[in-house]
Each structure stands twice: as C-alpha cells, then as structure tokens.
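Inside the fold
Here is what each chain is made of, one letter per residue.
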Amino acid sequence: MYLNQFLFLAAFLFCVGVYGVLARKNGVLVLMSVELILNAVNINLVAFGAFHETVAGQVFALFVIAIAAAEVGVGLAIVLLIYRNRQSIDLTEADLMKG
Amino acid sequence: MIAQNLIFGAIAGAMGLAALRVVTTKNIVHAALYLVVVLAGVAAIYILLAAEFTAAVQILVYVGAILVLFLFGIMLTRAPIGRTAELDNDQRGVALVVALFLLGVLGAVLQDAFGSTKLPEDAAVQRSAEVGTSIFQTYVIPFEVVSVLLLAALVGAVVIARRD
C-alpha cells in the first residue's frame, strides 16, 4: 500500500470538512464538519506512525480524540446557550461582534 | 496486498460519499447518521494501518459518545426534523471554491512529496501494550495535562449550559 492513498483520503476529508464549516449555518452541523477535519488529521497521524513504524502517531491520535471529545462537549454547550438566548442556532444571525 | 487495496478502495469510497452527504444533506438527523459511516470508516482505516487500539478507541469515543452528544444537541435545540432548505448559508459558492483550491494544493504537495512512497510491507501490528507503555512513559506529562483539560472542559460545559 502506498502512503499517499491514506494522505489523499485525509486531504479529501479535510476539504469536505472545510466546505462544511464555511457553508453550513446550523451550529450543530458546523461542529460535525469540525469533527470531519479532526478525523482527517488523525488519519494522517496514524498513517505516518505506520510509515515510520513507531507508536507515537497512534499516541498523538489518541490525544486528538480526547481533545475532540472535550471540544464537542464545550461546543454543544455554547450552541445550547445560543439557542436558549436567541431561540435559533442560525450562526449567520449570531453577529453581535460584527462592526 | 491486492485484497488490502480493494478493501481500502471500498472503505474510502464509502467514506467519501458519506462525508459529502454530511455537508450537503438537507436533513440534520441524516447528517448525524452519515457521520457514523465516516467515523466507522476511519476506524476501519486504522485497522488497515495495523493500529488496533486506536480503532477501538475511535469506535468507543466517536461512535459511542460523541455521536450521541450530537443527537442530544439536535434534540435539545429543537432542530427541524425532516427536510429543510435552511441549513446552508449564502456562501456556498465561495466555500466550494476554497475547498477545491485547498484540495488541489494539498493534492499537488502530497503527490510531490510522497508520490511513490510505500508503507513498509507487512508492518508488525503495533500492539496495545506498546501504545500503553509509550503513553505512560514517554508521553506521561501530556497525558496528565489532557486529563486535567478534560475535567476543565466538562466542568466548563456544565457551567455554560446550566440554567440559573
């Protein structure tokens, strides 16, 4: 197996995630797209770990998974708070900080 | 070798289609369910790369916990269940251009850097014991920092989301 096939798959997932973050306006869907991006990064880490025959790649992927869990927890809490204050999670309406 | 490549192709194809559906579907619950396909596919890719412990953790944490969290988020924000046209904002064109440009740049760079690099043939399975040893010897300080960070994030989530 080539190393590149994994890297290309990860690059594709990453770009799909970037598209989702930019084009979605529902807060929960944006968080899902962020998960796509994080998973793409994890594939890269594990693939390079297998390439160099070291477990370091896996260890870093595990750390990223832990951080992702924390990120989703806090992110959904924030989305929930936005919903409670504005009765909507449309992120285009959350423009309080726009000049 | 050929079997591995065939399996990789099947998994990658399914993941790619599911990922596209996550960002394009008009039904928010379907997006969460397509995300299951992508996350399980990532676990299968880890198996192909002989990273069994990471694959198990991926299933447990992502499919088991994070996805349930997403479904709770959908439920608690009373998102429209069923088809709606209002999940995308008006920058889809720009977003598509940015994503395709990024894909082109990444693809060119990867092809240039690792065009013919092969993974080591029949790499030994990196056993869970080695991963555990590595975490608790080389990376023990980051591990402790991550556990404190998880605690802080969970307390923070409770404080942010509770009614008072």
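Each value, and the rule that gives it
Residues numbered from 1 in each chain as written. Chains lettered and ligands numbered in written order. Predicted model: local features only at pLDDT ≥ 70, side-chain atom pairs only at ≥ 80, totals over all residues. Heavy atoms only, no water. Patch = residues over 30% accessible without salt bridge, like charges linked within 9 Å, V, L, I, M, F, W, Y side chains within 5 Å. Areas by Shrake-Rupley, 256 points an atom, 1.4 Å probe, with all protein chains shown as cover. Salt bridge = Lys/Arg side-chain N within 4 Å of Asp/Glu carboxyl O. Helix = DSSP H or I, 4+ residues; strand = E, 2+ residues; numbered from the N terminus. Axes fitted to C-alpha atoms, helices over the stretch in contact; angles between N-to-C directions. Parallel < 35°, antiparallel > 145°, perpendicular 65-115°, else oblique. Contact = heavy atoms within 4.5 Å. Nonpolar A, V, L, I, M, F, W, Y, C, P; charged D, E, K, R; others polar. Buried area = accessible area lost by both parts, 1.4 Å probe. Polar contact = N/O pair within 3.5 Å; in protein donor to acceptor, adjacent residues only side chain to side chain. Phe/Tyr/Trp six-rings, centres within 6.5 Å; stacked < 30°, edge-to-face > 60°. Buried < 20%, exposed > 50% of the residue type's maximum accessible area, 1.4 Å probe, protein only. Expected span 1.5 Å × (residues − 1). Core = buried A, V, L, I, M, F, W, Y, C linked by side-chain atoms within 4.5 Å.

Turning to a nonpolar patch on the surface, a few remarks are in order. On the surface, Val 68, Phe 72, Met 75 and Leu 76 of chain B cluster together to form a nonpolar patch covering roughly 380 Å² of accessible area. By the element assignment, Leu 76 of chain B lies in helix α3 (residues 52-76).

Our next topic: the packing of helix α3 (residues 56-86) of chain A against helix α5 (residues 128-137) of chain B. Where α3 of chain A meets α5 of chain B, the closest approach of the two axes is 9 Å, and the angle between their N-to-C directions is 70°. By the angle between their axes, α3 of chain A is roughly perpendicular relative to α5 of chain B. Residues Gln 58, Val 59 and Leu 62 of chain A of α3 of chain A form the contact with α5 of chain B, whose participating residues are Val 131, Ser 134 and Ile 135 of chain B. Within the contact of α3 of chain A with α5 of chain B, the residues separate by chemical class into 4 nonpolar, 2 polar and no charged.

Attention now goes to the interface of chain A and chain B. Facing the 69 residues of chain A at the interface are 81 residues of chain B. Contact with chain B buries surface across chain A, with Met 1, Tyr 19 and Arg 24 of chain A losing the most and accounting together for 12% of the total. In this assembly, chain A and chain B are joined by 1 salt bridge. Ionic pairing is found between Arg 24 of chain A and Asp 88 of chain B, a salt bridge with its closest N-O pair at 2.7 Å. Across the chain A-chain B interface, the total number found is 14 residue pairs in polar contact (both at pLDDT 80 or more). Where the side of chain A that touches chain B is concerned, the elements lending two or more residues are α1 (3-23), α2 (27-51) and α3 of chain A. Looking at the side of chain A that touches chain B element by element, the count peaks at 24 residues for α3 of chain A.

Moving on, we come to the packing of aromatic side chains. Per the stated rule, a full pass over the model turns up 5 aromatic pairs over all chains. Where Phe 6 of chain A meets Phe 8 of chain B, the ring centres are 4.9 Å apart and the plane angle is 70°; that geometry is what we call edge-to-face. Remark: Phe 8 of chain B occurs in helix α1 (residues 2-24) and Phe 6 of chain A occurs in helix α1; the pair is interchain, linking two chains. Residue classification places Phe 6 of chain A among the buried positions, given a relative accessible area of 0%. With a centroid separation of 5.4 Å and an interplanar angle of 75°, the aromatic rings of Phe 60 of chain A and Tyr 139 of chain B are classed as edge-to-face.

Another aspect to go through is α1 of chain B. The terminal C-alpha atoms of α1 of chain B, which comprises 23 residues, lie 33 Å apart, in line with the 33 Å expected from a rise of 1.5 Å per residue. Residues of α1 of chain B that are buried: Phe 8, Ile 11, Ala 12, Met 15, Gly 16, Ala 18, Ala 19, Val 22 and Val 23 of chain B. Of the surrounding secondary structure, the elements contacted by the buried residues of α1 of chain B are α1 and α2 of chain A together with α2 (28-48) of chain B.

In this fold, Gln 58 of chain B is placed in helix α3. When its relative accessible area of 0% is taken as the criterion, Gln 58 of chain B is described as buried. Leaving out residues up to four positions away in the same chain, Gln 58 of chain B has contacts with Asn 39 and Ile 65 of chain A together with Leu 39, Val 42, Ala 43, Tyr 46 and Val 63 of chain B.

Let us look at the nonpolar core. One finds Val 28, Met 32 and Ile 43 of chain A together with Ile 45 and Phe 70 of chain B to be the most contacted residues of the largest nonpolar core, which totals 71 residues. Going through the elements one at a time, α1, α2 and α3 of chain A together with α1, α2, α3, α4 (92-114) and α5 of chain B are the ones with two or more residues in this core. Considering every element that reaches this core, the biggest residue donor is α3 of chain A, with 12 residues. Excluding residues within four positions of it along the chain, Ile 45 of chain B makes contact with Phe 6, Leu 9 and Ile 43 of chain A together with Phe 8, Ile 11 and Met 15 of chain B.

So, on to the pattern of salt bridges. Here the structure, examined in full by the defined rule, presents 4 salt bridges over all chains. Ionic pairing is found between Arg 127 of chain B and Glu 130 of chain B, a salt bridge with its closest N-O pair at 3.9 Å. Exposure remark for Arg 127 of chain B: the relative accessible area of 48% places this residue in the partly exposed category. The class for Glu 130 of chain B is partly exposed, based on a relative accessible area of 36%. The network of salt bridges with common partners includes Arg 24 of chain A together with Asp 88 and Arg 92 of chain B.

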